[in-house]
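A structural walkthrough
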Amino acid sequence: MAGHFTLHWGIIATGGIAELFFKDLIADPALRGVSDVAHLPVAVASRSIEKAQAFIDEFAPIELKSEITAYGTYTELLKDESVDCVYIATPASSHYANTLEALRAGKNVLCEKPFTVNAAQAKHLQIVAKERNVFLMEGVWTRFFPLTIAFKRMLHEERIIGKVHRVFSDFSVLFDPARDLRMYRADTAGGALLDLGVYMNVWTLLSCYHHPDNELSPPTVLKASMLRSPICPEIDESTTVITVWEKPQIMCIGTASMMTDSPADCVIRIQGTKGEIVIPIHGSRPEKILVKLKGNGMDTCTLEYPIPGQGLFWEADAVARDIRDGKKEDENYPLDESVFAMSLMDEVRRQNNMNFPADIEFVEDY
Ligand SMILES: NC(=O)C1=CN([C@@H]2O[C@H](COP(=O)(O)OP(=O)(O)OC[C@H]3O[C@@H](n4cnc5c(N)ncnc54)[C@H](OP(=O)(O)O)[C@@H]3O)[C@@H](O)[C@H]2O)C=CC1
Ligand SMILES: O=C1OC[C@@H](O)[C@H](O)[C@H]1O
């Protein structure tokens, strides 16, 4: 491929999302119409070398197997000079410590969502990335889907549904307490808000925070309620957040739950004076958007964008372009917004008196 830039990745942790990300990294970029950037996994680290090697053996294509180094600690991978960018796929409780160590080792970092456990940790990471002059981004993959980018343009530039009045944003996935352990534990920073609320917030922030009349202001009102898990009362099984955005005059209801799946026909609904935009399924992985305009009945236009893989490659492509161009953060999802998103979740937890163990909430003095 002429003229493309290849980003060399080191993968930290070998769980569910690491597998999906790895598979998307090795997918042919041409299948998604990309020719300017490409990806090469060069190292995988786990807390056990056998696990790291088994991951490579299972998922790397034959021609790459011997080219990817397995490490039995995360720290060792950070010393590997062939790694340009580290992808951190540990549970949320470890994101702050893992990212801090990677930044201090001079690595560019893409860290899975939620960025950290609280806004103070996120702010600290932002400062350290700046000091070390390296790239840093929270991996909210949804932001990089072609349909998400089209959504933002239709809503705010084309104003396709006129003046926005109300936003309903649901992201719920049924989890099994016996199987989905990280979700039902406080020491992995489990619970609906931090894990699923990130996606609820994507659509709230794109619709309200990014509304041109809002000028990136915080909501005027935020009121939140949580339902705790009877089997692990330290974490929330369902959380609902009402926000009012006075400048653009929008009322928003966001909800996230691990007690049920989102309804099959509508997870996001944005209502305006001329009609509404509906995302019918997969609020984290949008592949279909309905635009229903008032007029001769509710005319519906459906936008569909088939995803040739999981869809994590679009955020990886953005990271590769940023690093190629010497950028230290991404314009589509800058660090200030990650810190802001974490501050909203802090406020939701504050109103509901929800704290994680002190060693997880810990922030170094800065
Ligand atoms: N973007 C997306 O669509 C998704 C994002 N996520 C996010 O990715 C992160 C990881 O989620 P997921 O892959 O589902 O989680 P898993 O439990 O499947 O994997 C987490 C991995 O982290 C490592 N790890 C390090 N410390 C711990 C610990 N104390 N307990 C358990 N595992 C630990 C383990 O790898 P090892 O043993 O190799 O060290 C483990 O396999 C979360 O932040 C989650 O929110 C999750 C799912 C989808
Ligand atoms: O990011 C995520 O999206 C899908 C969910 O099933 C998963 O738990 C979550 O971490």
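Just so it is clear, the model here is predicted, and its values are computed rather than measured. (Residues numbered from 1 in each chain as written. Chains lettered and ligands numbered in written order. Predicted model: local features only at pLDDT ≥ 70, side-chain atom pairs only at ≥ 80, totals over all residues. Heavy atoms only, no water.)

**Focus on the pairing of strand β11 (residues 268-272)**
Put simply, the rule is: The rule is simple: take the accessible area with a 1.4 Å probe, protein chains only, and divide by the maximum for that residue type; under 20% is buried, over 50% is exposed, in between is partly exposed. Secondary structure elements are defined from DSSP: runs of H or I of at least 4 residues count as helices, runs of E of at least 2 residues count as strands, and each element is numbered from the N terminus. Should DSSP find at least two bridges between two strands, the strands are taken to pair.
Residues Ile-268, Ile-270 and Gly-272 of β11 are buried on one face, while the alternating residues Arg-269 and Gln-271, pointing to the opposite face, are not. Sheet analysis places strand β7 (residues 164-172) next to β11, joined by five bridges and oriented antiparallel. Pairing of Ser-169 across the sheet is with Ile-268, part of β11. Bridge count for β11 against strand β12 (residues 275-279) is five bridges, and the pairing is antiparallel. Opposite Ile-270, over in β12, you have Ile-277 as the bridge partner. In sequence, β11 turns back onto β12 through a hairpin of two residues.

**What to know about the packing of helix α5 (residues 119-132) against helix α9 (residues 335-351)**
Operational definition: Every axis corresponds to a line fitted to the C-alpha atoms, with the helix fit spanning only the stretch in contact, and the corresponding angles, defined between N-to-C directions, vary from 0 to 180 degrees. Here the angle decides the label: under 35 degrees means roughly parallel, over 145 means roughly antiparallel, 65 to 115 means roughly perpendicular, and every other value means oblique. Note on convention: the crossing is left-handed when the near helix lies turned anticlockwise from the far helix by less than a right angle, right-handed when the turn is clockwise. In what follows, a contact means two residues having at least one pair of non-hydrogen atoms within 4.5 Å. In the scheme used here, Gly and all other residues not listed as nonpolar or charged are polar, with Ala, Val, Leu, Ile, Met, Phe, Trp, Tyr, Cys and Pro taken as nonpolar and Asp, Glu, Lys and Arg as charged.
Between α5 and α9, the shortest axis-to-axis distance is 8 Å and the interhelical angle comes to 165 degrees. Taken together, α5 and α9 sit at an angle that is classed as roughly antiparallel. Note on packing geometry: the crossing formed by α5 with α9 is left-handed. Residues Ala-119, Ala-122, Lys-123 and Gln-126 of α5 lie in contact with α9, whose contacting residues are Leu-335, Asp-336, Val-339, Met-342, Ser-343 and Asp-346. Across the contact of α5 with α9, the residue classes tally to five nonpolar, two polar and three charged.

**Comments concerning the site of ligand 1**
The criterion, for reference: Only a single heavy atom is needed: when it lies within 4 Å of a molecule or strand, its residue is near that molecule or strand. Within 3.5 Å is the distance limit for a polar contact, defined as a pair of N or O atoms, with the added protein rule that one can donate a hydrogen and the other accept it, and that residues adjacent in sequence qualify only through two side-chain atoms. Under the convention used here, a 1.4 Å probe and the Shrake-Rupley method define accessible areas, while residue burial counts only the protein chains that appear. The split into domains, and so the bounds of each, comes from an automatic or database assignment of domains.
The immediate surroundings of ligand 1 are formed by 21 residues, with Thr-14, Ser-46, Lys-51, Tyr-74 and Lys-113 found nearest. At 3.1 Å from an oxygen atom of ligand 1 is found a side-chain nitrogen or oxygen belonging to Arg-182. Protein contacts shield 78% of the accessible area of ligand 1, which totals 890 Å² for the unbound molecule. For the shell around ligand 1, the elements supplying multiple residues, two or more each, are α1 (16-25), α4 (92-104) and α7 (192-209). Split into classes, the residues belonging to the shell around ligand 1 amount to nine nonpolar, six polar and six charged. Lining the shell around ligand 1 are residues from two domains, each supplying at least three of them: domain 1 (5-140 + 311-332 + 356-361) and domain 2 (146-304).

**Details of the domain arrangement of the protein chain**
Quick note on the threshold: A 1.4 Å probe defines the accessible area here, and the buried area is the portion of it lost by two parts on being joined, summed over both. Here a salt bridge means any side-chain nitrogen of Lys or Arg lying within 4 Å of a carboxyl oxygen belonging to Asp or Glu.
One can read the domain layout of the protein chain as domain 1 (5-140 + 311-332 + 356-361) and domain 2 (146-304). For domain 1 versus domain 2, the separation of C-alpha centres amounts to 26 Å. With 13 residues of domain 1 at the interface, the matching set in domain 2 holds 14 residues. Summing the contributions of domain 1 and of domain 2, the shared interface buries around 1100 Å²; its carbon and sulfur component is 71%. Counting the contacts that link domain 1 with domain 2 gives one salt bridge. Note that Lys-113 is salt-bridged to Asp-195, the shortest N-O span being 3.3 Å. The tally of links between domain 1 and domain 2 comes to two residue pairs in polar contact (both at pLDDT 80 or more).

**So, the site of ligand 2**
The environment of ligand 2 is made up of Lys-113, Val-173, Phe-175, Arg-182, Asp-195 and Tyr-199. One of the side-chain nitrogen or oxygen atoms of Tyr-199 is found 2.6 Å away from an oxygen atom of ligand 2. Relative to its free-state accessible area of 270 Å², ligand 2 is covered by the protein chains to the extent of 72%. Considering only residue class, the shell around ligand 2 consists of three nonpolar, no polar and three charged.

**Description of unusual backbone geometry**
Cis geometry is adopted by the peptide bond preceding Pro-114, which originates at Lys-113 and carries an omega value of -20 degrees. Turning to its location among the elements, Pro-114 is positioned in the loop between β5 (108-112) and α5. Unusually for a residue other than glycine, Asn-133 sits at a positive phi of about 60 degrees. Turning to its location among the elements, Asn-133 is positioned in the loop between α5 and β6 (136-139). Positive phi, normally seen in glycine, also occurs at Gln-249, with a value near 60 degrees. The residue Gln-249 is located in the loop between β9 (236-245) and β10 (250-257) in this model. Owing to a relative accessible area of 51%, Gln-249 belongs among the exposed residues under this scheme.

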